Amino acid sequence: MIRSGNSQTVRRWCVFSFSLLFTIVIAFGAQTRAQSLDAEEQTMLRLINEYRAQNGLGQLAASIAVTRASEWHSADMAAKNYFSHIDSQGRNPFVRMAAFGYNYQTAMGENIAAGYNDAVRTFNQWKNSAGHNATMLNPNYKVIGIAREYGASTIYKWYWTTDFGGFVDATIGGTGGTPTQTVRTVNAANFFQTISPDAIVATFGSQFTQSTVNATSFPLPTSLGGVSVTVNDIAAQLIFVSPAQINFVVPSGVGAGTAMVKVMYNGAVIGTGTVTTENISPSTFTVSANGQGIAAAQTTFDGVSYQSVANTNGTARAVTVGTATRPNYLILYGTGMRRRSSLSAVRVTIGGVALSVDYLGAHSRLVGVDQVNVKLPQALRGRGMVDVVVTVDGRVSNVAKINIGN
């Protein structure tokens, strides 16, 4: 359950007066704690600030006064079992913020939500609602107040309030506990900034650890060289850690939307970042390990003997298509594809020729790796270097290349 109010859009607040020249009523019954944000409130601040940065907007500081107004409103909703921008004393958000000392002639707005205890799902509710999204991305805002409160006997249990303002007043120290660094997470095969559950991804930063460590056993560990990673607070299985890069498998339980990635060293958070998650994020591995150039693929006539499409020096080997009675099959390796809706929704295009796929699924031994099998048609004979693209449920992978010989 979500609602939004913004002083810049009159139509959204047609039933309320925007004037701040009301009698200020300060409610003494609510306890305020606006010298700090709890862990989920800090996560919400990071989510909103990283989202604003992605859209070229400035960061929001956590205002003490505005946070007190947010805390009062969330506590009031939780205590009195209601969900509205108008509080139990009849005040709209702007009068309420003024009552807690944020009494400036400036842009103001408010988002409220109910039902989720965590920041990620609440943020995604707002992000997927046009009005709430516009509030979070309003370029006129400079400060924010964030609060969540729990009411055991209420309908929605958890109540969130975020209030926004355009004037920078006194702020909470540390702007809500920003971590050491912001990390960047991408699909490990194509380096796109969209990932999916069960896919292999890479997170980049600095000084994650002092050494490089590879996982050597199965199941994959959730801690490696003192490093651990969570996605939406779900522990991830680690493949590789180094001072500047971590490769891991996205946990199966991560849902679609914006996800929060946290990197810990010996249990202490050393970096966080957000990334977009979708059910699928099709990609193919390449020999150069950057999503470009020669595909990291093999061919086989019989499913027993396999040949790489690349020579040992990294150049493209000329691949034969075989004959009509003894065709050659291309085996592509990628990640982020196994959750396809159906095999008929998968297409491989080689040199502009669209081909049906014989198989797409999880590799039998390599965690997080997906395998695509496609028969090479006679029509491709002698084509030379051609592009290879995988499309899954309408989503297109990176472009890899193979060399088709005579």
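Above this text sits the structure in question.
Since the model is a prediction, treat every value here as computed from it, not as a measurement. (Residues numbered from 1 in each chain as written. Predicted model: local features only at pLDDT ≥ 70, side-chain atom pairs only at ≥ 80, totals over all residues. Heavy atoms only, no water.)

Counted by the stated rule, this structure contains nine aromatic pairs. Relative to F204, the ring of F191 lies with its centre 6.1 Å away and its plane at 25°, an arrangement referred to as stacked. Within this pair, whereas F191 is found in the loop between β6 (184-187) and β7 (194-195), its partner F204 is found in strand β8 (residues 200-204), the two being separated by 13 residues in sequence. Using a relative accessible area of 28% as the deciding quantity, one classes F191 as partly exposed. Counting every residue linked through ring pairs, the aromatic cluster contains F83, Y156 and Y159. The ring of W72 is capped by R91, whose NZ or CZ atom sits 4.6 Å from the centre of that ring. Above the face of the F301 ring, R326 is positioned so that its terminal group lies 4.2 Å from the ring centre. (Phe/Tyr/Trp six-rings, centres within 6.5 Å; stacked < 30°, edge-to-face > 60°. Helix = DSSP H or I, 4+ residues; strand = E, 2+ residues; numbered from the N terminus. Buried < 20%, exposed > 50% of the residue type's maximum accessible area, 1.4 Å probe, protein only. Lys NZ or Arg CZ within 6 Å of the ring centre and 35° of its normal.)

So, about helix α1 (residues 39-54). The periodicity of an α-helix, 3.6 residues per turn, causes residues three or four places apart in sequence to face the same way. In a regular helix each residue adds 1.5 Å, so 16 residues correspond to 22 Å; α1 covers 22 Å between its end C-alpha atoms and thus fits that length. For α1, the buried fraction is high: twelve of the 16 residues fall into the buried class. Check the buried side of α1 and you find it contacts α4 (119-127), α5 (130-136), β4 (143-150), β5 (158-165), β14 (257-265) and β15 (268-277). If you check the start of α1, you find a side-chain oxygen 3.1 Å away from the backbone N of E40, and it comes from D38. A positive backbone phi angle near 75° is found at G56, which sits one or two residues after α1. (Expected span 1.5 Å × (residues − 1). Contact = heavy atoms within 4.5 Å. Polar contact = N/O pair within 3.5 Å; in protein donor to acceptor, adjacent residues only side chain to side chain.)

On to the nonpolar core, then. Judged by nonpolar contacts, the single largest core of 29 residues is most densely connected at L330, L332, V348, I350 and I402. Contributing elements (two or more residues each) for this core: β20 (329-335), β21 (346-350), β24 (370-375), β25 (384-392) and β27 (400-404). If you tally residues by element for this core, the top one is β25, at four residues. Among the nonpolar cores identified, the runner-up in size contains 25 residues, and M44, M136, L137 and I172 belong to it. (Core = buried A, V, L, I, M, F, W, Y, C linked by side-chain atoms within 4.5 Å.)

All right, on to the pairing of strand β10 (residues 227-231) then. The element β10 is largely enclosed, with a buried count of five among its five residues. The alternating pattern of β10 places V227, V229 and V231 on one face and S228 and T230 on the opposite face, and all of these are buried. Bridge count between β10 and β14: five bridges; the pairing is antiparallel. Along β14, the bridge assignment pairs S228 with M264. As paired strands, β10 and strand β11 (residues 234-235) are joined by two bridges and run antiparallel to one another. Bridging from a neighbouring strand, V231 pairs with I234 of β11. Here β10 hands over to β11 after two residues, with N232 in that stretch at a positive phi of 55°. (Pairing = 2+ DSSP bridges.)

In space, the five strands of this open sheet follow the order β7-β15-β14-β10-β11, with mixed pairing throughout. What marks the edges here is a single partner per strand, and that holds for β7 and β11. Direction of pairing for β7 relative to β15: parallel, over a ladder of two bridges. Residue pairing for β15: I195 is matched across the bridge by T277. The strands touched by α4 are β14 and β15; relative to β14, the strand with the most contacts, the crossing angle is about 150°. (Axes fitted to C-alpha atoms, helices over the stretch in contact; angles between N-to-C directions.)

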